[in-house]
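Chain by chain, the residues:
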Amino acid sequence: MKLVKPVAADRLSALLRQMPKAELHIHIEGSLEPELIFALAERNGVALPYASVDALRSAYAFTNLQSFLDIYYAGASVLITEQDFYDMARAYLLKAAQDNVVHAELFFDPQTHTARGVSMETVINGLHRACVDAQAELGVSASLILCFLRHLSEEDAFETLDQALPFQEKFIGIGLDSGEVGNPPEKFARVFARCRELGFHLVAHAGEEGPPAYIWTALDLLKVERIDHGVQATKDAALMQRLAKDRIALTVCPLSNLKLCVFPDLASHNLRQLLDAGLAATVNSDDPAYFGGYLNENFTQTFAAGPLDAEHAYRLARNSFEASFIDSATKQRHIDRLDANFEAFH
Ligand code: HPA
Ligand code: ZN
């Protein structure tokens, strides 16, 4: 492992902002800023139950995951046309480029849209076109991960998969999101097995609010390659050993955990504990328009609150590339650039 030079505390924020990084846990519908929600509502003639951008933003006071999801699904109701999906993803990718994100894997929730009569083709084509343009115009590589909503049935997930398969060249993986508690991974064992046969990468949200048992079943029954969130793992020593031994990445989202009251403050967050136990933790933004910041805000606020240094910054950025679903030669190129970046920083 590379030797990382110490960096003075007042330079750490600059290091975090400028280091190249990958983002692996971003729900693209969670990047929809209130201003864009209002602009799309007007463009599409959709009535919103909020008088203004400020009134909407002031409703963003969450007590747990479900209190957020109710507003998040309402916000997504303004997305109707392919151009809407393009504009949403484009806005996120521009922010990502500003944060020196060089690779992003974007979650999307097709059931939120198909249930309103928007076609799968509209959703996927708009998002995919934004990913293609980001590579050419922003130098950011981006790919898509289709998430099943776990509060819906497995049958609904199978139907969603069928609708998406004509566009299977346009997404690389399958995830599982929405309300966790009461919707354990095993509910989706058969549809994940089918997705695995089809050759998709597999991930799942587990251990955000749900117990460590959900992380075990995501690994053993769904056979996922990464765990989204996973912060409840520290409650189970055997699970911590398993995650470390198999280098299963956790896509941790500190500001999300703060805003959804998973931890009372960032100083109490267990990111450092996960890293010190040898886990492949990464930092991500989850739903940046709702949780108060994009990727660099997650890094800088978390490091400002806790005992984390340049060595941790390097490990988090390196983990983000190692855990990504990019080919190994490209991964190595990103890691070489990261190393050069740390060498040159002073
Ligand atoms: N957890 C589960 N589902 C979600 C989230 C999350 O943090 N964000 C968007 N959908
Ligand atoms: Zn998430």
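One can find the structure itself at the top, above this paragraph.
These notes cover the structure that comes with them. (Residues numbered from 1 in each chain as written. Chains lettered and ligands numbered in written order. Predicted model: local features only at pLDDT ≥ 70, side-chain atom pairs only at ≥ 80, totals over all residues. Heavy atoms only, no water.)

## Observations concerning the coordination of the zinc ion (ligand 2)
For step 1, the next point in the chain: Protein-derived ligands of the zinc ion (ligand 2) are His25 (NE2), His27 (NE2), His205 (NE2) and Asp286 (OD), with the metal-ligand distances lying across 2.0 to 2.2 Å.
For step 2, the next point in the chain: One way to put it: the four donor atoms around the zinc ion (ligand 2) meet at angles of 80 to 174°, and that makes the site irregular.
For step 3, the next point in the chain: For the zinc ion (ligand 2), all donor residues lie on one chain, and their spacing in sequence is H-x1-H-x177-H-x80-D.
For step 4, the next point in the chain: In this structure histidine 25 comes out as buried when scored by relative accessible area, which is 0%. (Donors = N, O, S within 2.8 Å, 3.2 Å for Na, K, Ca; no water. Tetrahedral: all angles 85-135°; square planar, octahedral: opposite > 155°, others 65-115°. Buried < 20%, exposed > 50% of the residue type's maximum accessible area, 1.4 Å probe, protein only.)

## Observations regarding the pairing of strand β8 (residues 280–283)
When a strand is regular, its side chains alternate between the sheet's two faces.
For step 1, the next point in the chain: Burial along β8 is two-sided: the residues Ala280 and Thr282 and Ala281 and Val283 are all buried.
For step 2, the next point in the chain: For strand β7 (residues 249–252) and β8, the ladder comprises four bridges, and the chain directions are parallel. Bridge pairing in β8 places valine 252 opposite valine 283. (Helix = DSSP H or I, 4+ residues; strand = E, 2+ residues; numbered from the N terminus. Pairing = 2+ DSSP bridges.)

## Considering the environment of leucine 32
For step 1, the next point in the chain: With respect to the secondary-structure elements, leucine 32 resides in the loop between β1 (21–27) and α2 (34–44).
For step 2, the next point in the chain: Leucine 32 sits 44 residues away from alanine 76 along the chain, and the two C-alpha atoms are 7.8 Å apart.
For step 3, the next point in the chain: Filtering out sequence-adjacent residues up to four positions away, leucine 32 remains in contact with Ile37, Leu40, Gly75, Ala76, Val78, Leu79, Met88, Ala289 and Tyr290. (Contact = heavy atoms within 4.5 Å.)

## Considerations on helix α10 (residues 212–220)
For step 1, the next point in the chain: Of all the residues in α10, the buried ones are Pro212, Tyr214, Ile215, Thr217, Ala218 and Leu219.
For step 2, the next point in the chain: Buried positions along α10 lie against β5 (201–206), β6 (226–229) and α11 (237–245).

## Re the site of ligand 1
For step 1, the next point in the chain: Close to ligand 1 lie His27, Leu65, Phe68, Leu69, Tyr72, Asp177, Ser178, His205, Glu208, His229, Asp286 and Asp287, which account for all nearby residues.
For step 2, the next point in the chain: One nitrogen or oxygen atom from the side chain of histidine 229 is found 3.2 Å from an oxygen atom belonging to ligand 1.
For step 3, the next point in the chain: Separating a nitrogen atom of ligand 1 from a side-chain N or O atom of aspartate 287 is a distance of 2.7 Å.
For step 4, the next point in the chain: Burial of ligand 1 by the protein chains amounts to 100% of its free accessible area of 260 Å².
For step 5, the next point in the chain: With four residues, the top contributor of residues to the shell around ligand 1 is helix α4 (residues 65–75). (Near = heavy atom within 4 Å. Polar contact = N/O pair within 3.5 Å; in protein donor to acceptor, adjacent residues only side chain to side chain. Areas by Shrake-Rupley, 256 points an atom, 1.4 Å probe, with all protein chains shown as cover.)

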